Amino acid sequence: MSQLAITTTQNVNINFNTAGVGERVIAYLIDLAIFYAYYLVAYSVIFELTGFNSYLAEQDYWTQKSVYGLSWLPMLFYALLCETFLDGQTIGKMVMKIKVIKIDGYQSSFGDYLIRWIFRIVEVTPPMSIIGLIAMIVNKDDRRLGDLAAGTAVISLKRDISINHTILREIDTRYKPVYPLVIKLTDNDVRIIKETYEASYRQADFNMMQKLQYKIETVTGIKSVSANATAFVDTVLNDYNFYTQNM
């Protein structure tokens, strides 16, 4: 497992553990099993029990192909729909506790998921899966071609480190604070902010991070100049520690 390092415009380093090739392959196999389960339920159970298979057998070739083609649409768009509505995860990724994020720390958009989905045709769909596998092995961040094109990566959400529940952080003596208004916060405020930040960070929950930024800005009057919500909250925590440790 390698680390994906994101450096914001404020030189704030954000590190994520990337999902390993093995984790991604297992997640893919789980999704593949869902495909086959869908096939069995749709064709061997529903179509058979309703007599639809018998009805199709009496239709012309193109009608049969059209019906079967339409029935496969949910599986064709499975990855795209799941990642769009499940915040960067398919069911396989949820089981393996991995998800798709933007490498610049922003929330992934539908366009990013669409690009990844288009590339699945040439590097994930059997028998082309070997292309995606080779790309992940060769890339130091375990990113396939679709990730490189979309500016995304797949990270692990597994918690493999202990979390420090104090508000203290080690601040370099050369550190330059950005938001002086953080002194309006109390130690309890910062403790809650830090706990929420760490929970959101572990889950790559950028929506919650955005809400946390809004709350901090509302309470303190700070106007963010950071690249994104994650960098903003990280900077607020560093600034608070800087001011309280040097007062």
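Before going into details, it helps to say that this report is about the structure given with it. (Residues numbered from 1 in each chain as written. Predicted model: local features only at pLDDT ≥ 70, side-chain atom pairs only at ≥ 80, totals over all residues. Heavy atoms only, no water.)

The step from Pro-126 to Pro-127 runs through a cis peptide bond, and the omega angle for that step is 5 degrees. Relative to the assigned elements, Pro-127 resides in the loop between helix H7 (110-123) and helix H8 (129-138). Residue Asp-87 is not a glycine yet carries a positive backbone phi of 55 degrees. Structurally, the position occupied by Asp-87 is in the loop between helix H5 (78-85) and helix H6 (91-96). Classification of Asp-87 by relative accessible area gives partly exposed; the value is 23%. (Helix = DSSP H or I, 4+ residues; strand = E, 2+ residues; numbered from the N terminus. Buried < 20%, exposed > 50% of the residue type's maximum accessible area, 1.4 Å probe, protein only.)

With that out of the way, let us pick up the packing of helix H10 (residues 187-202) against helix H11 (residues 206-220). Here H10 crosses H11 at 160 degrees, and the two axes come no closer than 9 Å. As summarised for this structure, H10 and H11 are arranged roughly antiparallel, according to the angle between their axes. Considering how the two elements wind past one another, H10 and H11 form a crossing that is left-handed. Residues Ile-193, Thr-196, Tyr-197, Ser-200 and Tyr-201 of H10 form the contact with H11, whose own contacting residues are Met-208, Met-209, Leu-212 and Ile-216. Looking at the contact of H10 with H11 residue by residue, the class counts come to seven nonpolar, two polar and no charged. (Axes fitted to C-alpha atoms, helices over the stretch in contact; angles between N-to-C directions. Parallel < 35°, antiparallel > 145°, perpendicular 65-115°, else oblique. Left-handed = near helix turned anticlockwise from the far one by under 90°. Contact = heavy atoms within 4.5 Å. Nonpolar A, V, L, I, M, F, W, Y, C, P; charged D, E, K, R; others polar.)

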